[in-house]
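Chain by chain, the residues run as shown.
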Amino acid sequence: MEYIFEAEKICKKYKNKKVLNDVSFKLKKGHIYGLIGPNGAGKTTIMRIMAGLTEQSSGNMKFFEKPGDDDNGRKRMSFILETPYMDPNMTAYENMQYIQYVRGVSNKKRIDELLEFVGIADTGKKNAKKFSLGMRQRLGIAMALMPSPEFMVLDEPFNGLDPEGFADLRGILSELVKKNNMTILVSSHILKELSELCTDYIIIRNGQIVETISQEELEEKCKSYISVRTNDTSKAAAIIEKQLGIKNYKIDEKNEMHIFESINMIEKISKTITDNGLTILKFVLEEESLEQYYLSKVGESDE
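Keep in mind that this is a model prediction, so the values were computed, not measured.

Below, the discussion takes up helix α3 (residues 109-118). Every buried residue of α3 is accounted for by R110, I111, L114, L115 and V118. Around the axis of α3, the buried residues are gathered within 130° of arc, so they sit on the same side. Opposite the packed face of α3, turned more than 90 degrees from it, sit the exposed residues K109 and E116. Within two residues after α3, G119 carries a phi angle of roughly 85°, on the positive side.

The structure is reproduced here in structure tokens:
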């Protein structure tokens, strides 16, 4: 299996404070990963280490299966950390010309192609300082795409965007992965922002990886279920399994049974339990949202 990036036990200390503690994860080609956690969890520190802007205190990295101290790996990547860099007194085209020179790209048609792709080809002589936040984000993406990267790292790219701007940027990133089989790592402190974009999530809190989970696994954990509590929950479980054939359930630490199948048979399940002499103390159709799941992993805030 080809991994675009591998982090192994990355630690980072600032004076006596440990900001990252044994952070390990792997990124596969063609996936969109959401690095998600509260403000101060360590997301930006991880990305700055990946970009070579700060050095880890210990641990190892690999880019494209080569050691992290090999800069050839970073040449196949693009980074937008915090806010996209651009000259506010230059036009979109002029900013693109500058980044084309810096990254050594000779294809003159690429500027027009990229500005068209991100939807700001018609900005003409308007300087970047007059752009809306969404337009600046689009220009930042276009500049990052100039060298045709295989891997993009984006730190909180949706901050401050209105719903339309968020939807537009999400569409651009999804199209990049679909067309070019690119890998993207994007950070956010709000799971809801990433739930319609990412294929995988890396959840971080207090400098430690809490969980790495795919979108499919996350949806499975957050799907609807019937929550049941009776005067004998174990017996109720045996009854629904034997008489109704329900096997996809679990009993949690509160002695409540969560039934994940046949949720359209609420009345039948309830009647079957009571017909067998049990008393129902709780019978509710519930659904844990992605946001609730995220908060259950990281809490409200690190601050």
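Past the structure itself, the notes keep going.
Residues D112, E113, E116 and D122 make up a contiguous surface patch of negative charge. The exposed category is assigned to D122, whose relative accessible area is 69%.

A separate point is the side chain of R110. By the element assignment, R110 lies in helix α3. There is no salt bridge for the buried R110, and the closest opposite charge comes from E113, which lies 4.3 Å off by N-O distance. Once residues lying within four places of it in the same chain are set aside, the contact partners of R110 are V105, L145, M146 and S148.

Once that is clear, we can look at empty space enclosed by the protein. Within this structure, the stated rule accounts for 1 cavity of 30 Å³ or more. The calculated volume of the largest cavity comes to roughly 40 Å³. If you trace the largest cavity, you find it lined by F5, A7, I10, V23, F25, I46, I49, M50 and M61. Elements with a minimum of two residues in the lining of the largest cavity: β1 (3-14), β2 (17-28) and α1 (43-51). Its residues assigned to classes, the lining of the largest cavity comprises 9 nonpolar, no polar and no charged.

Cut-off values and rules
- Within each chain, residue numbers correspond to sequence positions counted from 1 in written order.
- In view of the model being predicted, local features appear only for residues whose pLDDT reaches at least 70, and side-chain atom pairs are presented and counted only at 80 or more, with totals across whole chains, interfaces and linings using the full set of residues.
- Side-chain descriptors were evaluated using all non-hydrogen atoms of the structure, hydrogens and water having been removed beforehand.
- Relative accessibility under 20% of the residue-type maximum defines a buried residue, over 50% an exposed one, and the middle range a partly exposed one, all with a 1.4 Å probe and only protein chains included.
- Secondary structure elements are taken from DSSP: a helix is a run of H or I of four residues or more, a strand is a run of E of two residues or more, and numbering for both begins at the N terminus.
- Of all possible arcs, the one meant is that of the directions from the helix axis to the C-beta atoms.
- By definition, no residue in a patch forms a salt bridge, and every one has over 30% relative accessible area; like charges are joined within 9 Å, nonpolar side chains (Val, Leu, Ile, Met, Phe, Trp, Tyr) within 5 Å.
- Reported accessibility uses the Shrake-Rupley method at a 1.4 Å probe radius. Residues are deemed covered only where the shown protein chains occlude them.
- One speaks of a salt bridge when a side-chain nitrogen belonging to Lys or Arg is within 4 Å of a carboxyl oxygen belonging to Asp or Glu.
- Charge convention: Lys and Arg are scored as positive, Asp and Glu as negative, and His as well as the terminal groups of each chain are ignored.
- The atoms used to mark charge sites are NZ of Lys, CZ of Arg, CG of Asp and CD of Glu.
- Should any heavy atoms of two residues lie within 4.5 Å, those residues are counted as being in contact.
- Cavity and pocket criteria rest on a 1 Å grid covering protein atoms alone: a 1.4 Å probe that fits but cannot get out defines a cavity, protein on both sides within 12 Å along at least 5 of 7 lines defines an open pocket, and an atom within 4 Å of a point defines a lining residue.
- Grid points are joined across faces, edges and corners, and a volume is the space filled by probe spheres set on the points.
- All amino acids are sorted into three groups, where Ala, Val, Leu, Ile, Met, Phe, Trp, Tyr, Cys and Pro are nonpolar, Asp, Glu, Lys and Arg are charged, and the leftover types, Gly among them, are polar.

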